[in-house]
Amino acid sequence: MFLVSSREMLHKAQLGGYAVPAFNIHNLETAQVVVETAAELQTPVILAGTPGTFSYAGSDYLVGICREAAKRYQMPIALHLDHHESYADICKKVECGIKSAMIDASHLNFEDNIALVKKAVQFCHRWDCSVEAELGRLGGQEDDLIVDDKDALFTDPDAAVEFIERTGIDSLAIAIGTAHGLYKEKPCLDFDRLGIIRSKTDVPLVLHGASDVPDEDVRRCIELGITKVNVATELKIAFSDAVKKYFIEFPDANDPRHYMVPGKLAMKKVVADKIRVCGSAGML
């Protein structure tokens, strides 16, 4: 079982009224936790990596790890290029076997965003790679990508329809009030805007910045048509906090086979909780 695109996963989720969870991974341990938990709960899953993650771990390593995980658990896995802005970089990684890509040109004006996304779609579709794009901008920080609150923009429903038609994308990440990272106060999501966008298009919609969003709000977004939910920061915090605690209790520890374990267990709980919120357990 090799890596697959996210296209079929998202369409199936759309029909079933649930969302596919997309977890940002960074290394072997995080990939192990996500795939093992997904297999136990029989959920479709997307493993996402930012440009920083691929630079850190190496594209060949990540592709190899995810392919072996798919074989071990006999389940399809989508390895996804999250928030990639370089067309050349996306092409190189797709040629390595990655079947799901986000081309993030949301920092460009509307016409330039369309032009770059359309170019990526034309290339990726030749390789059976699904393409996600973003219209509107989320505030906060995702690795090296930092967007000030003043630069955050909500997605315009009519512009979304035109954007989808002109680019041919497979899914659209929309801005309705979420942000990357943790929130200083409870986010106020624009559910009405989401509902309008959903009513105007049948392309799968993606919720970025779902870490730290109340479960009831995420479920409401799924009810209104979100079919992919991205989670990153909560995984990193759970993992790092557990490892820090281990070193406080065992300051002389030096074996990663030991101190990584509590981090993996803490992350496993977050992964399982998010899968249940997405309603995807048992949908594999």
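Residues numbered from 1 in each chain as written. Predicted model: local features only at pLDDT ≥ 70, side-chain atom pairs only at ≥ 80, totals over all residues. Heavy atoms only, no water.

Peer 1: Summarise the layout of surface pockets; cite the residues concerned and give the values.
Peer 2: Here the second largest pocket is characterised by a volume of approximately 190 Å³. Lining the second largest pocket we find Leu28, Ala31, Gln32, Val35, Glu36, Ile65, Glu68, Ala69, Arg72 and Tyr73. Of the residues in the lining of the second largest pocket, the class split is six nonpolar, one polar and three charged. (1 Å grid on protein atoms, 1.4 Å probe; cavity = no way out; pocket = protein on both sides within 12 Å on 5 of 7 lines; lining within 4 Å. Points joined across faces, edges and corners; volume = space filled by probe spheres on them. Nonpolar A, V, L, I, M, F, W, Y, C, P; charged D, E, K, R; others polar.)

Peer 1: Go over the packing of aromatic side chains with me, naming the residues and quoting the values.
Peer 2: Applying the stated rule across the entire model yields six aromatic pairs. Centroid distance Tyr87 to Phe123: 6.3 Å. Interplanar angle 75 degrees. Geometry classified as edge-to-face. Of this pair, Tyr87 sits in helix 5 (residues 87-95) while Phe123 sits in helix 6 (residues 110-126); the two residues are 36 residues apart in sequence, bridging distant segments of the chain. Here a set of aromatic residues connected by ring pairs shows up, and it is made of Tyr246, Phe247, Phe250 and Tyr259. (Phe/Tyr/Trp six-rings, centres within 6.5 Å; stacked < 30°, edge-to-face > 60°. Helix = DSSP H or I, 4+ residues; strand = E, 2+ residues; numbered from the N terminus.)

Peer 1: Can you tell me about the sheet that holds strand 10 (residues 205-207), naming the residues and giving the values?
Peer 2: With parallel pairing, eight strands are arranged side by side around a closed barrel as 1-2-3-4-5-8-10-11. Strand after strand, the sheet turns through a mean of 25 degrees between neighbouring axes, direction not considered. Two elements, strand 5 (residues 130-135) and strand 8 (residues 171-174), share four bridges in a ladder whose sense is parallel. For Ala133, the partnering residue across the bridge sits in strand 8 and is Leu172. (Pairing = 2+ DSSP bridges. Axes fitted to C-alpha atoms, helices over the stretch in contact; angles between N-to-C directions.)

Peer 1: Can you break down the nonpolar core residue by residue, with the values?
Peer 2: Residues Leu47, Leu79, Ile169, Leu172 and Val229 are the most contacted members of the largest nonpolar core, which totals 79 residues. Top contributing element to this core by residue count: helix 11 (residues 256-278), with nine residues. Contacts of Leu79, omitting those with residues within four sequence positions, involve Leu3, Ile25, Leu47, Phe54, Leu62, Val63, Cys66, Ile98, Lys99 and Ser100. Ranked by size, the runner-up nonpolar core spans eight residues in total, among them Met9, Tyr18, Ala22 and Ala78. (Core = buried A, V, L, I, M, F, W, Y, C linked by side-chain atoms within 4.5 Å. Buried < 20%, exposed > 50% of the residue type's maximum accessible area, 1.4 Å probe, protein only. Contact = heavy atoms within 4.5 Å.)

Peer 1: Please provide a residue-by-residue account of the pairing of strand 4 (residues 100-103), values included.
Peer 2: Along strand 4, one buried face is formed by Ser100 and Met102 and the opposite face, lined by Ala101 and Ile103, is buried too. Sheet topology note: the strand 3 (residues 78-84)/strand 4 ladder contains three bridges and is parallel. The residue of strand 4 that forms the bridge with Leu81 is Ala101. What joins strand 3 to strand 4 is helix 5, and the crossover it makes is right-handed. (Right-handed = clockwise from strand over helix to strand, strands pointing away.)

Peer 1: Tell me what's going on with the packing of helix 7 (residues 157-167) against helix 8 (residues 191-200), and back it up with residues and numbers.
Peer 2: Across the interface, helix 7 lies against helix 8 with an axial gap of 9 Å and an inter-helix angle of 35 degrees. Judged by the twist between their axes, the crossing of helix 7 over helix 8 is right-handed. Two secondary-structure elements touch here, helix 7 through Pro157, Asp158 and Val161 and helix 8 through Arg193, Ile196, Ile197 and Lys200. Counted by class, the contact of helix 7 with helix 8 contains four nonpolar, no polar and three charged residues. (Left-handed = near helix turned anticlockwise from the far one by under 90°.)

Peer 1: Any details on the pattern of salt bridges? Residues and values, ideally.
Peer 2: According to the stated counting rule, one finds 15 salt bridges in the structure shown. In this structure, the salt-bridge partner of Asp190 is Arg193, at a minimum N-O distance of 3.1 Å. According to the relative accessible area criterion, Arg193 is partly exposed, its value standing at 22%. Taken together, the shared-partner salt bridges in this structure form one network comprising Arg7, Asp128 and Asp170. (Salt bridge = Lys/Arg side-chain N within 4 Å of Asp/Glu carboxyl O.)

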